[in-house]
Each structure stands twice: as C-alpha cells, then as structure tokens.
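Chain by chain, the residues:
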Amino acid sequence: YKISIIKVALFYPMKQCPKCERCYLDSTLNFCLEDGEPLRDYVQMSDFPTEVMPHSFGVSESRTKLFSAGPSGEAAYAPPDTVSRRLNSIAVLPFTHMSSDPDDEYFCDGLAEELINALAKIDDLKVAARTSAFSFKGKNVDIAAIGRQLGVENVLEGSVRKSGNRLRITAQLIGTSDGYHIWSERYDREMRDVFEIQDEITLAVTIALKSKLFGTAENDQLALLLQELKSHSNDVEAYNLYLRGRFYINKFTTADAFRAVELFEQAIELDSSFAPAYAGLADALIMLTEMGPMAPHESMPKAKTAALKAIELDESLAEGHSSLGMVLQVYDYDFAGAEEQFQRAIKLSPNNPIPRQSYAVLLTELERLDEADHQFKRLLEVDPLSPVSNWIYSFCLFLSRRYDAALERANATLDLDPNFGVVYLSVAFAYQMKGEHRLSVDAYARWSEVMGSPENAAYIRDSFQGGWENFLRAMTDEKRTVTFSSYITAVFHATLGNTDAAIANLETSLQKRESHMVMLKSDPRFDAIRNDPRFRELLSKAGFPEDSIQRNGA
C-alpha cells in the first residue's frame, strides 16, 4: 500500500489542500472540492497525510468502521440482493452542505435528487435510487465501500456553498474501483443560474461516462439529452419551494407531509405551469392518506386532480404517472388503469423506485407473483439499501404466502433501520400465519413501541396473558386503546371465526375507501371466509377481475 502511494507521488502531478490535507491527482484543479481552499501544486513526502483520502488512493480506515469486518476483511454486512457492479452504473450522493445557514440543507439534497432524476432518463445507465444513495448521508463511509454496497462503478458527489443569491457548487465523478477522478468542476454562479448548472453537470457526467465506457461522447445524443433536461420552471423561488417540499416529504412524518403540502401549493401559486410541484402535491396527499390523518374521501380526489394536472403540463413526467397510478390503485380500485400508469412511469424513468414499488405491490395483490418478483428484483438492483423497498417486498412475500422469506426480508430491513416501525407488522402477520402466536403478539407490541405508543404496547402484551384468543378478543373490543383500521379489525374477527363481524368491518372499510382493501384478494388471513358469497361480492365491489374472483373462491 505504501509503495503504491510513493509511486503515485513520484510519477503523477499532485495537488493537496493545506487545510484539510485532501490529495488530488487532477492537476487541473485549483481549489479544494471540500472547503474551497487554494491547492498546493506539490506534496512533499514528509508532509504526506497518514490517512489518505479514499477518493484519491484507497480505503480509509476511519471510513470503514461503520461496517463490521468479516474474516476476509470485507464488510460483514451486505444488503439483500446487492448485485455486482456494472461499468454503466452510478450513484449520486447528497451534496455536502457548506453554507452558514442550516436551513439551506434542502437545496443540497434537492440538487442531488434532481441530478438523480435527470441521469435516470439515460438509456442503459443504472442509477442508484435516492433512498439508497442518501442512506450514506452524514456517514464517513469510503467511496469503495459505497460502490460495493450499491453495486455501482461510479459515484457523483459534491458540495454547495450558498450565500444570499450566490452559489458555489462543486461536483466530481469518481470511480469506485480505483478512487480516481473521472471528471470534476466548480461553478460560481447566481441562484437564477441553478437550472443551467444542473443541466451542465448532468451533461458533463454523461459525456465522461460515455467516454469512459465507449471511447466516445456521442455528442448528438447528448445534445438532445440536454434539451430534454431543461427545467420545468423558470421561477427560482417556485423551484426553491418545490425543493423544500421534496425535502420535507422525504422525512416520512405526518407533520412534515403537511408542511410539504403547503410548500407545493405555494410553488404552484408562483408558477401554475410547474408540473413537478403538482406531482409533489399529489404524493404528499397520498402519504397523508396512508399515514391516517386525512380521510381518503377528503385527500385522494385532490391528489388525483394534482396528478392529472402534472401529466397535462408534462406528459413525460414519470412522477405524475406514478402518483396517478397510486390513486387509481388504492382509491378508485381501477387496477387496469393503475397498471397502465405504472408501466408508463417505469418506461419514462426505469431507475425510479417509486413506480416499481407500487407496480410490484399491485401485481402481488392480483396474484401475478412471477411478474411481481421480477419487478422486485429490478427494484432492489437500484434501491438495495432502502428500508421502504425492502419492507414492501417483505409484506408482499407475506401476501404470497412465503412466510419464512417474508421474515428473512423483514429482518434484513431492520438491519438497515431498526426504528423502521412498520416492518414489525410484516413480522407479526407472518408469525400469525405460521402459528407462532407469541412471536406475532410481541411484534405487534414492538410496532407500537417504535411508533411511540408504549401504553399500547403494554396493552397488547397484557392482552396476550390469557392466550391468543384472548388477545384477538381484546383487539376487537370497542373499548381497546389501540386504534386499527376497519380492515385490520376485520382480520382479527375473521381469525376468531366471527364471519359476520369480519364482513361487516370489510364493508365499512370499502365505504371508507381504505387502501388496505386492495389486499383483500391475496390476504391469507381471510382464507377461512373466502368462500362466503358476501366475501366474493366484496371482491367484485373492490374492482377485482371476475375471472380471478372465481378462481379465488374455488
């Protein structure tokens, strides 16, 4: 290792930052990409830093401590289904926030997310999804380790300094196998130029990748790409509001989702032709529906209107089609229409995990399991470190009656994020169907604890003192302290053998337009009442194809 460093120092022109001591092999750089300090032209061997930055030479010891080492020295943890790296693959890391105002963090995240969306449109380029790439935010992880974890050969990283209306954005493309810079640039501009900067970075990265892979930049194709990447809004303030909205919606909390709704609406007020803001508004309303504070009849028609407006303004916007597909799936129960929208979104942005997640769930609910597995495989190729993607897969494995696989995937999700509470429901459901009732109840209790309701967890555990049946009766008691949807209450009644009560609660769930209803056909917890004519009538009312209802009830 030391010999290789000496060879680099002797035979390549080097530069070093006197402040952070970061080393660069790119002799065209004049300023440090970390802190903007002027670089020294030559590094004396006596001054050479003990810990060499991994972007330049190799693996930094301090950056690998986040992963425990196995016997071979490789990271012991590997996410499920991480694929081998491809040359035509890239991850865009969140840009480092270097401004004095902490509120400017949204801009750094938004810039990286917009670059992900732009690069995702390039043919035959695998782009790691936002959730996986952003899982390294604030962590001192080596570039080579990131490449292994995400299965990518290239990483785009950078930093943002924002002072008033002035911007300094640095960006660099790095090979994860050798740590060498492929391309780097610095932009000193004003905020009104931010759209142009995004397009320039996307184009430059694309040229660099194509030159690296094919020895040609294919300039005609790239010129067309640049034209396609022009921003949807020329209003900088509307764009800023949109980025703030995306920043808050990605926090996945009820309060932040409400804040996102306000910001997207403000962006639309400033620029009524800004299609992404409408798609963002639809996503925030759908999230609030799924989380519970907004009733479906109140929020989902608004979400549909926003999604349709986004598509009207920009038919090529994948996010608009994905949002519309969600409304059609979980509110209108228009499964054919939802499938069409998801397929359109995937075609427009094949690296976007959201439409694949939703499409895979829809295929599972329709019991087209081979097709669902294919979508999940593609999903986890670009989003291997996402707790959301892994949890959704675990839940669909439960729906497809692969309970051990569901538990394995759920545990892998908890390895990624032990506080991702909803995954405990997948665990509870799978253990219930395996007949391991104590473990099922404990998972229900853990779900309540992680979600911040220790009193509900205590109620759940106390209820099990009298056994599984006593627990089920406590969960269906009108005086219970734990709040469940009508659909889940129906699950407990069906398990108890209370068919009439189960059907009645499912009727209520249908009237409320609860999103759970789309699971009705595939949910194994209703197997005991599946042949009841009233149950089959509910399947028909929920929009399931008649031929599949006949097979389901046979």
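Conventions and cut-offs
Position numbers for residues start from 1 in each chain and track the written sequence from start to end. Under the rules for a predicted model, residues below a pLDDT of 70 receive no local features and side-chain atom pairs below 80 are neither given nor counted, while totals for whole chains, interfaces and linings still include all residues. Side-chain metrics in this entry use all non-hydrogen atoms of the structure; hydrogen atoms and water are not considered. Joining through side-chain atoms within 4.5 Å is the link that ties buried Ala, Val, Leu, Ile, Met, Phe, Trp, Tyr and Cys residues into a set, and such a set is a nonpolar core. The classification of residues rests on relative accessible area computed with a 1.4 Å probe and restricted to protein chains. Under 20% of the type maximum is buried, over 50% is exposed, and intermediate values are partly exposed. Only DSSP runs of H or I covering at least 4 residues are called helices, and only runs of E covering at least 2 are called strands; the numbering of each starts at the N terminus. Contact criterion: two residues are considered in contact whenever any of their non-hydrogen atoms come within 4.5 Å of each other. The salt bridge criterion pairs a side-chain nitrogen of Lys or Arg with a carboxyl oxygen of Asp or Glu, the two atoms within 4 Å. What counts as a ring pair is set by centres within 6.5 Å for rings of Phe, Tyr and Trp (its six-membered ring), and what kind of pair is set by the plane angle: stacked under 30 degrees, edge-to-face over 60, tilted for all other angles. At least two DSSP bridges between two strands are required for those strands to pair. Given a helix with a known number of residues, its expected span is that number minus one, times 1.5 Å.

> Quick question: what am I supposed to make of the nonpolar core here?
Grouped burial of nonpolar side chains is what soluble globular proteins tend to show. Counting 143 residues, the largest nonpolar core has F95, L156, I169, I201, F471, L520 and F526 as the members making the most contacts within it. Among the elements that line this core, the one with the most residues is helix α9 (residues 275–291), at 11 residues. Discounting residues that sit within four places of it in the chain, L520 has contacts with Y487, L506, F526, R530, F535, L538, L539 and F544. A91, L93, I146 and L150 belong to the second largest nonpolar core, which has 13 residues in total.

> So what exactly am I meant to see when it comes to the pattern of salt bridges here?
In a structure, side chains of opposite charge can pair up when their charged atoms sit close to one another. Per the stated rule, a full pass over the model turns up 28 salt bridges. The shortest N-O distance in the salt bridge between D373 and R402 comes to 3.1 Å. Of this pair, D373 sits in helix α14 (residues 369–382) while R402 sits in the loop between α15 (387–399) and α16 (403–416); the two residues are 29 residues apart in sequence, bridging distant segments of the chain. With a relative accessible area of 31%, R402 lands in the partly exposed category. Notably, a salt bridge pairs E381 with R378, separated by 3.8 Å at the nearest N-O pair. Within this pair, E381 and its partner R378 are both found in helix α14, separated by three residues, close to a single helical turn.

> Could you clarify how one ought to interpret the packing of aromatic side chains in this entry?
Any two aromatic rings considered together are summarised by their centre-to-centre distance and by the angle between their planes. The tally for this structure, following the rule as stated, stands at 20 aromatic pairs. Judged by centre distance (5.5 Å) and plane angle (40 degrees), the rings of F398 and F429 are tilted. Of this pair, F398 sits in helix α15 while F429 sits in helix α17 (residues 423–434), and the two are 31 residues apart along the sequence. Per residue, the accessibility class of F398 equals that of F429, and both read buried. Considering the side-chain rings of F429 and Y444, the 6.1 Å spacing of their centres and the 65 degrees angle between planes classify their relative orientation as edge-to-face. Taken together, the residues span a long stretch of sequence, with F429 in helix α17 and Y444 in helix α18 (residues 437–450) at a distance of 15 residues. For F429, a relative accessible area of 5% gives the class buried.

> When you look at the pairing of strand β8 (residues 181–190) in this model, what are you seeing that I'm missing?
Side-chain positions along a regular strand alternate between the two faces of the sheet. As paired elements, strand β7 (residues 166–175) and β8 share nine bridges and run antiparallel to each other. When the bridges of β8 are listed, A171 appears paired with E185.

> In this structure, what is going on with helix α2 (residues 105–119)? I would like to understand it.
Every α-helix carries 3.6 residues per turn, so stepping three or four residues along brings you back to the same face. For α2, with 15 residues, the first-to-last C-alpha span of 22 Å sits near the 21 Å given by 1.5 Å per residue. Among the 15 residues of α2, 12 are classified as buried, and the element is accordingly described as predominantly covered. Taken together, the buried positions of α2 are Y106, F107, C108, D109, G110, L111, A112, E113, L115, I116, A118 and L119.

> How should unusual backbone geometry be read in this particular structure?
Peptide bonds are, in most cases, trans, and in most cases residues other than glycine have a negative phi. If you check the backbone angles, Y333 has positive phi at about 55 degrees while not being a glycine. Take Y333: it is sitting in the loop between α11 (318–330) and α12 (335–348). Note on Y333: relative accessible area 4%, which makes it buried. Positive phi, normally seen in glycine, also occurs at R513, with a value near 65 degrees. Following the sequence through the fold, R513 ends up in the loop between α22 (499–512) and α23 (533–541).

> Got a minute to help me understand the environment of Q149 in this structure?
Inspection of the secondary structure puts Q149 in helix α4 (residues 143–150). Sequence separation of Q149 and L385 is 236 residues, and the distance between their C-alpha atoms is 7.9 Å.

> Help me understand the side chain of Q432, please; the structure alone is not making it clear to me.
Mapped onto the secondary structure, Q432 falls in helix α17. Given the relative accessible area of 7%, Q432 is considered buried.

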